[in-house]
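Here is what each chain is made of, one letter per residue.
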Amino acid sequence: MARIEKYFKRVDPNSSHPPEVSVDSSTNRQYSINEDSAFCLYCYLFKQNKGKQGGGQTFVSKGFSNWKKPEILALHVGKHDSSHYEFESIRFLLRQGLAFHGHDESEDSNNQGTFPELLNFLADHNEEVRAVVLKNAPENLRLNSPKIQKDIVNACAVEIISVIIKDMEDVVVSILVDESRDVSIKEQMVVMFRYVDKKGYVIERFIGIEHVENTTAISLKIAIDKLFSKHGLNISRLRGQEYDGASNMSGEFNSLKSIIMKENECAFYVHCFAHQLQLALMGVAKKHDITGTFLTMVSNVVNIVGALSKHRDILREKQAAQVIEALKCGKLSSGKGLNQENGIKRPCKTRWGITFWHFDLQLQELNNRFNEANTELLLCLACLSPNNSFYAFDKKKLLRLALLYPHDFSVVDLRVLEFQLQTYVDDLHSHAEFSELKGIADLSIRLVETRKHEVCPLVYLLIKSALTLPVATTSVERAFLAMNIVKNQMRNKMEDQWLNDGLTVYLEKDVFNTITNESIIHRFQNMKTRRG
């Protein structure tokens, strides 16, 4: 084995590959210990018309075993067939959210599209690449067919979701859902999961985007059930749900929140804290005549300035002159990021309200937006905070918190938890590494790092339940921003599955980077019978 360590990684004991096979995921080379031979997965799957490139059929049938000439391995890797480069080109385009095809892909076109242009670029700068890609590749192995590329992208997305679902194995999760129209005016529902992984980190993952023809609570619930069933998940694993404030999502009766809580009483709903605060501030602001006048004035300014580009130019010139004068007088300081041109945003319920502050009225408005159950939940969660050496720790409130999760804590568990809580806080007070923590998320990570989560497993389960509860929909909002990149004006006819697969790869790049071409190729090959 020592003689091939230069060319192959050691066998990973946690790998899904048989123990007699060593795999180098960066090049898809495989070494069989039983046969003392090396093989190439690419060449095996796409072996037609390969000629004698870097060893010919040696890497497909009998395997390479001439260890006196290991340079042949490097030669073979350096002279991959077209599929090697095409798969890497596909990976690049997916990570950047770019289109594959152009309007005119003929040979005399000035812009054939991103995929062929990228291959042309590689071919122009490398003679070995030029010899095996595009028109020099076998006709059935060019991977430039839209159907083939969509299958490959789907294989990538399925592999990513498989990794995420496996990472979520045996843990409780929360669901984050929101809808938005895409560029083709189709209502799309984004679904994300929030959970605590095995290392104690809070993770939010994109699971899918579903086109919904209407946004009634029943329709959304059917779409969510379909998604859960597709991935082998169960509603009973939910410990939280977060949507916007629309009545179909979060209303008290017959909303999506209510329907799910009828099935699972532990799936607590929390309205996004950022939206709650802004709505509360706006509610207070509306009660003041001066505030209403100001917002009306701002709205008029936006309408007048935004109506014509000439008006915008005049405003920019006036503002630039004032800034220059202020800089000369020393009223403004210059520097990186200062005095940049910004647009004026139209006032709405979640904007401009932060300008106004009236403490008592805002407290009252905020209290009105949290029901009794949510208030109890949040007050109990606060007792887990490690800030100021666990100053907020309250065993009685934490036991009340555990009562809110009857699926996770039995009567016997509650008795054990009472003892574990006291042991837990006494133990952590005696360790300096827990004295400077900021927030429950840091606490979870440190508990796993020091393996103290194994000493008090029920306390750690309570911490995971707290961290699983979502408090903001920023991840969902980022997904909508990504949707505008992947499906833009030039790609407005993109199919729903194509959009879902492209978004999965674009949003979950860190997972995608851990998936080998070998896994994608296996998935791609198993989809259907193929010529290549």
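Residues numbered from 1 in each chain as written. Predicted model: local features only at pLDDT ≥ 70, side-chain atom pairs only at ≥ 80, totals over all residues. Heavy atoms only, no water.

Draft legend 1. Highlighting the overall build of the protein. Counting its regular elements, the protein contains 23 helices and 8 strands. Restricting the contact set of the protein to residue pairs at least 6 apart, pairs at least 24 apart contribute 64%. Counting only carbon and sulfur atoms, one obtains 53% of the accessible surface of the protein, whose full area is about 28,900 Å². (Helix = DSSP H or I, 4+ residues; strand = E, 2+ residues; numbered from the N terminus. Contact = heavy atoms within 4.5 Å. Areas by Shrake-Rupley, 256 points an atom, 1.4 Å probe, with all protein chains shown as cover.)

Draft legend 2. Molecular detail of the packing of helix α6 (residues 146-167) against helix α23 (residues 517-527). Their axes nearest at 9 Å, the elements α6 and α23 cross at an angle of 120°. Looking at the two axes, α6 sits oblique to α23. For the crossing formed where α6 meets α23, the hand is right-handed. Between α6, through I148, D151, I152, N154, A155, C156, V158, E159 and S162, and α23, the contact on the second element is made entirely by S519, I520, R523, F524 and M527. When grouped by side-chain class, the residues that make up the contact of α6 with α23 number 8 nonpolar, 3 polar and 3 charged. (Axes fitted to C-alpha atoms, helices over the stretch in contact; angles between N-to-C directions. Parallel < 35°, antiparallel > 145°, perpendicular 65-115°, else oblique. Left-handed = near helix turned anticlockwise from the far one by under 90°. Nonpolar A, V, L, I, M, F, W, Y, C, P; charged D, E, K, R; others polar.)

Draft legend 3. Structural detail: the sheet that holds strand β5 (residues 187-196). With mixed pairing, the 5 strands of this open sheet are ordered in space as β6-β5-β4-β7-β8. If you trace the sheet from one side to the other, it starts and ends with β6 (202-211) and β8 (268-269), each paired once. Note: strand β4 (residues 173-181) against β5, 8 bridges, orientation antiparallel. The residue bridging R181 from the neighbouring strand is E187, located in β5. Sitting on the sheet, helix α21 (residues 496-507) is in contact with β5 and β6, with an inclination near 165° to β6. (Pairing = 2+ DSSP bridges.)

Draft legend 4. Quick look at the nonpolar core. Among the nonpolar cores identified, the biggest contains 71 residues, and M168 and I175 are the most heavily contacted of them. No other element matches α6, which puts 8 residues into this core. Residues C266, L381, F393 and Y460 belong to the second largest nonpolar core, which totals 39 residues. (Core = buried A, V, L, I, M, F, W, Y, C linked by side-chain atoms within 4.5 Å. Buried < 20%, exposed > 50% of the residue type's maximum accessible area, 1.4 Å probe, protein only.)

Draft legend 5. Seen up close, helix α12 (residues 309-329). Taking 1.5 Å per residue as the helical rise, α12 with its 21 residues ought to reach 30 Å, and the 30 Å between its terminal C-alpha atoms agrees with that figure. Phi turns positive one or two residues past the end of α12, at G330, with a value near 85°. (Expected span 1.5 Å × (residues − 1).)

Draft legend 6. Structural detail: a negative patch on the surface. Taken together, the side chains of D104, E105, E107 and D108 present a region of like negative charge at the surface. Residue placement: E107 occurs in the loop between α3 (82-96) and α4 (114-124). Given a relative accessible area of 68%, E107 falls into the exposed group. (Patch = residues over 30% accessible without salt bridge, like charges linked within 9 Å, V, L, I, M, F, W, Y side chains within 5 Å. Salt bridge = Lys/Arg side-chain N within 4 Å of Asp/Glu carboxyl O. Lys, Arg positive; Asp, Glu negative; His and termini not counted. Charge placed at Lys NZ, Arg CZ, Asp CG, Glu CD.)

Draft legend 7. The arrangement of the packing of helix α18 (residues 440-449) against helix α19 (residues 457-468) in detail. Remark: α18 packs on α19, axes separated minimally by 10 Å, with the N-to-C direction vectors making an angle of 140°. With respect to α19, the axis of α18 lies oblique. At the point where α18 passes α19, the crossing takes the left-handed sense. The segment α18 lies against α19, with I440, A441, L443, S444, L447 and V448 engaging Y460, I463 and L467. For the contact of α18 with α19, the per-class residue count stands at 8 nonpolar, 1 polar and no charged.

Draft legend 8. How the structure looks around unusual backbone geometry. For N388, which is not a glycine, the phi torsion comes out positive at approximately 55°. Considering the arrangement of structural elements, one finds N388 in helix α15 (residues 387-390). Assessed through its relative accessible area of 63%, N388 is described here as exposed. Residues other than glycine seldom take positive phi values, yet R451 does so here, at roughly 60°. Considering the arrangement of structural elements, one finds R451 in the loop between α18 and α19.

Draft legend 9. The arrangement of the environment of A472 in detail. Looking at the element boundaries, A472 is found in the loop between α19 and α20 (474-486). Considering only alpha carbons, one finds A472 and D244, 228 residues apart in sequence, at a separation of 9.8 Å.

Draft legend 10. Expanded view of the packing of aromatic side chains. For the structure shown, the criterion picks out 7 aromatic pairs. Between F393 and Y424, the aromatic rings sit 6.4 Å apart at their centres with planes inclined by 45°, giving tilted as the arrangement. Here F393, found in the loop between α15 and α16 (395-403), pairs with Y424, found in helix α17 (residues 411-429); they are 31 residues apart in sequence, far enough to count as distant. Residue classification places Y424 among the buried positions, given a relative accessible area of 4%. Through pairs of rings, three or more aromatic residues link up here, namely F100, F115 and W498. R91 extends its terminal NZ or CZ atom over the ring of F512, reaching a point 4.5 Å from the ring centre. (Phe/Tyr/Trp six-rings, centres within 6.5 Å; stacked < 30°, edge-to-face > 60°. Lys NZ or Arg CZ within 6 Å of the ring centre and 35° of its normal.)

Draft legend 11. Examining α17 more closely. End to end, α17 covers 28 Å across 19 residues, agreeing with the expected 27 Å (1.5 Å per residue, within 8%). Every buried residue of α17 is listed here: L414, L417, Q420, L421, Y424, V425 and L428. On the buried face of α17, the contacting elements are α15, α16, α18 and α19.

Draft legend 12. Representation of the pattern of salt bridges within the structure. Tallied over the full model, the rule gives 15 salt bridges. A salt bridge links R205 to D510; its shortest N-O distance comes to 3.1 Å. Of this pair, R205 sits in strand β6 while D510 sits in helix α22 (residues 509-512), and the two are 305 residues apart along the sequence. A network of salt bridges, in which partner residues are shared, links R205, E508 and D510.

Draft legend 13. Expanded view of the pairing of β5. A large share of β5 lies buried, amounting to 10 of its 10 residues. Here β5 shows a buried face lined by E187, M189, V191, F193 and Y195 and a second buried face lined by Q188, V190, M192, R194 and V196. If you look at the hairpin formed by β4 and β5, you'll find 5 residues sitting between the two strands, and I185 has a positive phi there, around 60°. Taken together, the 9 bridges between β5 and β6 define a ladder with antiparallel strand orientation. Within the sheet, the bridge partner assigned to M189 lies in β6 and is E210. Connecting β5 to the antiparallel partner β6 that follows it, the hairpin turn spans 5 residues, and G200 within it adopts a positive phi of roughly 90°.

Draft legend 14. Quick peek at empty space enclosed by the protein. Applying the stated criterion across every chain, the model contains 1 cavity of 30 Å³ or more. Of the volumes computed, that of the largest cavity is approximately 70 Å³. Lining the largest cavity we find L93, L94, G97, L98, F100, V486, R491, M494, W498, G502 and Y506. No other element matches the 3 residues that α21 contributes to the lining of the largest cavity. When the residues that make up the lining of the largest cavity are grouped by side-chain class, the tally is 8 nonpolar, 2 polar and 1 charged. (1 Å grid on protein atoms, 1.4 Å probe; cavity = no way out; pocket = protein on both sides within 12 Å on 5 of 7 lines; lining within 4 Å. Points joined across faces, edges and corners; volume = space filled by probe spheres on them.)

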